[in-house]
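Inside the fold
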Amino acid sequence: MAEDRRLIRSGRRARVALLVYNDAHNDSRVLKTAATLRSAGAQVRIFAVARGRAGYAEGPALVGDGIDVQRAPEFELVRYAPWVLSVARRMTGRPIPPSPPASSTDAVPKEAPTVARVAPPTSGWKGSAQRWVNDVWLRSYRVVSLGLYWVESARAAASWEPDIVHANDGNTLAPALWVARACGAEIVYDAHELWRHRNVRTDRPIAPWVEAAIESRVIRRAAGVITVSPSIATWLQETYSLPVRPTLVRNIPRGVDDVPGSSGDGHPDPSRGRLRQMAGLARQTQVIAYGGRITTSRGIEETLDALALLPTSVHFVLLGYGEPDYLATLRIRIDALGVVERVHFVGAVASDQVSTALADADLAVVFVRPICLSYEFSLPNKLFESIHAGLPIAAADLPDTAAIVRGHGVGEIFEVDDPGQIAPAMASTMAAVLADPRRYREAARVAAASLTWQHEERELLSLYAQVLDR
């Protein structure tokens, strides 16, 4: 840390309970926040949820750099309501999966684990009935799972008697309020996204009202509010008439000098990059890089369409994880576009190794399709990871992303107003950057020195000092 801010309450180390509705083993923002607060003298404990089949059991454990985590039990029908399995089997003639499949929660949305679905019949009234049962099962499972986490995490956190309860995202606000009431803790709300306008199904007649009521109640009571982009900070302040603008703590990686493979001047050494080796590509091949979760609405489909318009010497390498069903649909698209030999899926690396792995690419694409307000206002992790990798950027014209790219001169922006013209616009922008990448690389080298978590944590610790002084 750049400066020493000791987090003290009543002459002792302050206790901070971080609530997060995932297993916390690889949530980079939560782990960075916990490490920063612990380095500043606080006692820190994360209250997460178990994902037993992914290897993250309920109870106490350590995550990250030795951070304490207490995982609440996950909801399993076979454990809490075995009779439901028998009833569902009699209704549908098929077994209902009792719990989520054994997959990492990193590959699924934060608000709920992937739940195995009942295989639907092909047609007829039985098919309609089973689809209805399957949908009710999924909705019920998610509601009950979240409710169980609320109860168990609130109970565990309150018994620890924290001074501050740090609620990560809107789905932890309810237990944060209960903990605050139980032991007099202050609340810090960390909005990782615009919770009420995130990418979720639209046929939820009750949930939006519940979420709005909870966020409205708790955010006005919170001693501090944190969020990840200027536009979300503005929306929260204006929507809830907050007297103080939320503190901006962007989800930027730590400086790459802290990880192996660094050149020692604030960014990875391109000669130590791993992307070409992972994809089996020669040095003379031009490489467009994608880093992050491989899923819908992340601009992957549009990038593939643009790739088909670029010279055959340009390849697209995807570093990350994805669900098998989605990867299968991507492969169909890749085959239809005739770019099978130019697209490479190379798997994932640890979060602190992403920038180093990307460092020998020629260009990074940053495009989150603005299908919801939270996506439009986002500042994607991959933007900062790509800058830390020293890569030129081709980014969509979304307000906060474009401000970073233009402000630091690290790349070029393409328009996304006309869906039919996105691929040609992307291709034109990428071709222009690939033709002369040197000035963008140099700009990225300069930007990487200031765009680090070490800078963001100053804002985090300043807010915490104010909260503890109350």
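Everything numeric here is computed off the predicted structure, so don't read it as measured data. (Residues numbered from 1 in each chain as written. Predicted model: local features only at pLDDT ≥ 70, side-chain atom pairs only at ≥ 80, totals over all residues. Heavy atoms only, no water.)

Oppositely charged side chains are able to pair whenever their charged atoms sit close together. Following the criterion strictly, the structure yields 18 salt bridges and no others. Across the pair Arg 369 and Glu 302 runs a salt bridge whose closest N-O atoms are separated by 2.9 Å. With Arg 369 in the loop between strand 14 (363-366) and helix 12 (373-376) and Glu 302 in helix 9 (residues 300-307), this residue pair connects regions lying 67 residues apart in the sequence. Judged by relative accessible area, which is 12%, Glu 302 ranks as buried. Taking the shortest distance from any N to any O, the salt bridge between Asp 436 and Arg 438 comes out at 3.7 Å. (Salt bridge = Lys/Arg side-chain N within 4 Å of Asp/Glu carboxyl O. Helix = DSSP H or I, 4+ residues; strand = E, 2+ residues; numbered from the N terminus. Buried < 20%, exposed > 50% of the residue type's maximum accessible area, 1.4 Å probe, protein only.)

This part covers the confidence of the model for the chain. Predicted confidence across the chain gives a mean pLDDT of 87, with 85% of residues reaching 70 or more. Here residues 100-121 is a poorly scored stretch, pLDDT under 50, and it has 66 contacts once near neighbours within four places are set aside; other chains count. (pLDDT = per-residue confidence, 0-100. Contact = heavy atoms within 4.5 Å.)

Residue pairs three or four apart in sequence face the same way in an α-helix, which turns once every 3.6 residues. Counting buried positions along helix 13 (residues 381-388) gives 7 out of 8 residues, so the element sits mostly inside the fold. Packing partners of the buried residues in helix 13 comprise strand 11 (286-291), helix 11 (354-358), strand 14, strand 15 (393-396), helix 14 (399-408) and helix 16 (438-450). Gly 390 sits one or two positions beyond helix 13 and adopts a positive phi of about 80°.

Among the nonpolar cores identified, the biggest contains 36 residues, and Leu 19, Tyr 149, Ile 187, Tyr 189, Ile 219 and Leu 236 are the most heavily contacted of them. Ignoring any residue separated from it by four or fewer positions in sequence, one finds Tyr 149 in contact with Leu 19, Val 20, Tyr 21, Phe 47, Ala 48, Val 49, Ala 72, Ala 154 and Thr 172. Val 349, Leu 358, Phe 384 and Ala 448 belong to the second-largest nonpolar core, a separate cluster that totals 34 residues. (Core = buried A, V, L, I, M, F, W, Y, C linked by side-chain atoms within 4.5 Å.)

What follows deals with the side chain of Glu 211. Within the secondary structure layout, Glu 211 lies in helix 6 (residues 207-221). On the basis of relative accessible area, Glu 211 is assigned to the buried category, the value being 15%. When residues no more than four places from it in sequence are discounted, the contact partners of Glu 211 are Trp 195, Arg 198 and Arg 204.

Where helix 9 meets helix 15 (residues 422-435), the axes come as close as 8 Å, and the angle between the chain directions of the two elements is 65°. Classified by the angle their axes make, helix 9 and helix 15 are roughly perpendicular. Handedness of the helix 9/helix 15 crossing: right-handed. When helix 9 is examined against helix 15, the residues Glu 302, Thr 303, Asp 305 and Ala 306 are found in contact with a partner set consisting of Ile 422, Ala 423, Met 426, Ala 427 and Met 430. Looking at the contact of helix 9 with helix 15 residue by residue, the class counts come to 6 nonpolar, 1 polar and 2 charged. (Axes fitted to C-alpha atoms, helices over the stretch in contact; angles between N-to-C directions. Parallel < 35°, antiparallel > 145°, perpendicular 65-115°, else oblique. Left-handed = near helix turned anticlockwise from the far one by under 90°. Nonpolar A, V, L, I, M, F, W, Y, C, P; charged D, E, K, R; others polar.)

Time to look at the sheet that holds strand 12 (residues 314-319). Judged by pairing direction, the sheet is parallel, and its 6 strands sit side by side in the order 13-12-11-14-15-16 without closing on themselves. Edge strands, defined here as strands with exactly one partner in the open sheet, are strand 13 (343-345) and strand 16 (411-414). Across the sheet, the mean angle separating the axes of adjacent strands is 25° when strand polarity is ignored. Sheet topology places strand 15 next to strand 16; 4 bridges connect them, and they run parallel. Bridge pairing in strand 16 links Ala 394 to Glu 412. (Pairing = 2+ DSSP bridges.)

Attention shifts here to the environment of Glu 215. Looking at the element boundaries, Glu 215 is found in helix 6. Among the residues examined, Glu 215 registers a relative accessible area of 1% and is labelled buried. The spatial distance from the C-alpha of Glu 215 to the C-alpha of Thr 172 is 9.9 Å, given a sequence separation of 43 residues. Residues within four places of Glu 215 in sequence aside, it is in contact with Leu 173, Tyr 189, Trp 195, Arg 196, Trp 235, Leu 236 and Tyr 240.

Counting across every chain of the model gives 6 aromatic pairs. Centre to centre, the rings of Trp 150 and Trp 178 are 6.0 Å apart; their planes meet at 85°, and the pair counts as edge-to-face. In this pair, Trp 150 sits in helix 4 (residues 124-160) while Trp 178 sits in helix 5 (residues 173-183), placing the two residues 28 residues apart along the sequence. Accessibility expressed as a relative area gives 18% for Trp 150, which makes it buried. Positioned above the aromatic ring of Trp 453, the side-chain terminus of Lys 32 is 5.1 Å from the ring centre. Here the basic side chain of Arg 51 rests over the ring of Tyr 21, its NZ or CZ set 5.7 Å away from the ring centre. (Phe/Tyr/Trp six-rings, centres within 6.5 Å; stacked < 30°, edge-to-face > 60°. Lys NZ or Arg CZ within 6 Å of the ring centre and 35° of its normal.)

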